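# Observations on the model geometry
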Amino acid sequence: MNPQVQKNISLAKYNTFGVDVRAKKFIKIEHESQLEELYTQNIFKEPFFVLGGGSNVLFTKDIDKTIIHIAIKGKEHQTENNSIYVHAGGGEVWNDLVWYCVDNGLPGMENLALIPGTVGASPIQNIGAYGTELMDIFYTCRAFDTQTGKFRTFKHEDCHFSYRDSIFKTKYKNRFIITSVSYKLSYQNSINTKYGKIKEELAHRKIEHPDIKDIAEVVSHIRVEKLPDPSTVGNAGSFFKNPIIEEDTFTELHTKFPGLVFFPIEKHKYKLAAGWLIESCGWKGKTVGAAGVWKNQALVLINANGASGADIFNLSEQISKDVYNKYGVLLEREVNIL
Ligand code: FAD
Ligand code: EPU
């Protein structure tokens with residue numbers, strides 16, 4: 001089936017900030033073969049942008065590029081000895097895949113419940129939450145090379161995963177389109193309650209021996225309490241990454257600001273809680289015009305009331321400047337700005 005090209009369409013319902021910009025061209029992809037078709041039409045010789053659920057993008061102006069929206073569906077699993085291989089189309093909703101696994105008793109994804117977005121985007125920034133990262137369960141992904149028109153399979157070691165990062169954000173940025181992902185789970189995966197909030201909520205519910213459904217429910221509950229629901233308050237989750245700094249800088253900062261919230265991550269490296277840095281600059285719950293900072297989580301910028309992408313971007317600039325002036329720490333954006 002030839003892919004349909006829509007022209008000059010509103011992207012308001014294709015981004016979780018709910019920003020209303022228009023795209024010059026918009027193409028929905030439901031089958032891999034449609035990408036090969038687009039290649040023969042030289043579509044990838046012009047500027048394009050791959051869009052999944054739009055939960056990690058901020059559109060600051062009309063998009064003068066072709067939007068390639070991945071809507072390839074399908075999910076299945078098979079078991080070999082103790083390993084479970086889960087395969088899903090790039091356009092599947094991530095949280096639906098998590099619940100497919102939970103409902104089928106397949107352990108490993110439950111801590112990643114309720115993260116918005118699609119399966120195809122999950123390797124891009126190596127999504128992570130509540131003690132699990134995508135890299136812990138990733139097996140392979142199949143991706144279309146827009147430069148050669150061929151498909152390629154990426155193994156774990158090809159992806160160079162790290163905190164909120166992969167090869168798809170660096171060397172191969174805007175080159176490969178992920179059409180499906182395979183995950184490797186195991187019946188021997190143990191329940192992961194290392195994140196303090198999970199333990200607290202399980203104790204509150206008097207659950208001593210949680211199963212994967214309990215974990216998915218508890219994680220979903222914690223998320224709903226803390227993060228705004230994009231269907232009512234536009235947002236893209238954490239706007240910035242948590243900064244990682246070296247020991248010398250850390251020691252200096254910690255001496256000056258004993259309240260600093262941090263996590264030692266590897267030898268001589270510390271991750272700072274960006275939410276704390278932003279809150280301590282007085283931004284939590286504040287609005288500037290129609291853009292704002294979420295009242296329960298200072299790392300989340302919101303579309304408070306019909307903000308444009310530029311309003312939200314300008315607010316992020318003011319926040320970065322304040323954090324830099326007070327702490328000398330540069331905040332790097334997690335959200336992709338267009
Ligand atoms: P999009 O926003 O559409 O795209 C994101 C990036 O991936 C873009 O660069 C895009 O070009 C690229 N991309 C998308 N699909 C493909 C594809 N098929 N092939 C190649 N490139 C592609 N993230 C976390 O890691 N942890 C969290 O806990 C978390 N919580 C969130 C909470 C809320 C309320 C929201 C709104 C967002 C949160 N996020 C979180 C961010 C977001 O959910 C993830 O980044 C998610 O993976 C984005 O998926 P998407 O399909 O919406 O991607
Ligand atoms: N904090 C504050 N004030 C705030 C927010 C946070 O002081 O307003 C401090 C608190 O001390 C808190 C600590 O920061 O204990 C950590 O906060 P939280 O547990 O909310 O996690 P986070 O570091 O802010 C990260 C991810 C989230 C992920 C959660 C849970 C990043 C950039 N963000 O947030 O991912 O859901 O941990 O694992 O790493 C996303 O990427 O979009 C996202 C939501």
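### A few points about the sheet that holds strand β13 (residues 234-238)
Spatially, 4 strands are ordered β13-β19-β18-β17 in an open sheet, and the strand pairing comes out antiparallel. The sheet is open, and its two borders are formed by β13 and β17 (287-288), each paired with just one other strand. Sheet topology note: the β13/strand β19 (residues 300-303) ladder contains 3 bridges and is antiparallel. Pairing of Asn-235 across the sheet is with Ile-302, part of β19.

### Focus on the site of ligand 1
Not every one of the 33 residues close to ligand 1 is listed here, only the nearest: Val-50, Gly-52, Ser-55, Thr-118 and Arg-223. Within the backbone of Gly-54, one N or O atom sits 2.9 Å away from an oxygen atom of ligand 1. Take Ile-178: an N or O atom from its main chain is 2.8 Å from a nitrogen atom of ligand 1. Coverage of ligand 1 by the protein chains reaches 94% of its 980 Å² of free accessible surface. Contributions of two or more residues to the shell around ligand 1 are made by β3 (48-51), β8 (128-129), β12 (176-186) and β13. Of the residues contributing to the shell around ligand 1, the split by class is 17 nonpolar, 14 polar and 2 charged.

### A short note on the domain arrangement of the chain
Domain boundaries in the chain define domain 1 (5-70), domain 2 (75-186) and domain 3 (234-337). In this structure, domain 1 and domain 2 have C-alpha centres spaced 21 Å apart. Each partner contributes residues to the interface: domain 1 has 13 residues there, and domain 2 has 17 residues. A combined buried area of about 1,300 Å² lies between domain 1 and domain 2, and 66% of that area is made up of carbon and sulfur atoms. Along the contact surface separating domain 1 from domain 2 lie 1 salt bridge. Arg-142 is the salt-bridge partner of Glu-32, the closest N and O atoms lying 2.8 Å from each other. The tally of links between domain 1 and domain 2 comes to 5 residue pairs in polar contact (both at pLDDT 80 or more). Breaking the side of domain 1 that touches domain 2 down by element, the ones donating at least two residues are α1 (32-40), β3 and β5 (63-70).

### Topic: the pattern of salt bridges
Tallying each qualifying case throughout the model produces 13 salt bridges. Residues Lys-75 and Glu-92 are paired through a salt bridge, measuring 3.1 Å at the closest nitrogen-oxygen approach. Pair noted here: Lys-75 is in strand β6 (residues 75-80) and Glu-92 is in the loop between β7 (83-89) and α2 (94-103), with a separation of 17 residues, a long-range link.

Conventions we followed
Residues numbered from 1 in each chain as written. Chains lettered and ligands numbered in written order. Predicted model: local features only at pLDDT ≥ 70, side-chain atom pairs only at ≥ 80, totals over all residues. Heavy atoms only, no water. Pairing = 2+ DSSP bridges. Helix = DSSP H or I, 4+ residues; strand = E, 2+ residues; numbered from the N terminus. Near = heavy atom within 4 Å. Polar contact = N/O pair within 3.5 Å; in protein donor to acceptor, adjacent residues only side chain to side chain. Areas by Shrake-Rupley, 256 points an atom, 1.4 Å probe, with all protein chains shown as cover. Nonpolar A, V, L, I, M, F, W, Y, C, P; charged D, E, K, R; others polar. Domains from an automatic or database assignment. Contact = heavy atoms within 4.5 Å. Buried area = accessible area lost by both parts, 1.4 Å probe. Salt bridge = Lys/Arg side-chain N within 4 Å of Asp/Glu carboxyl O.

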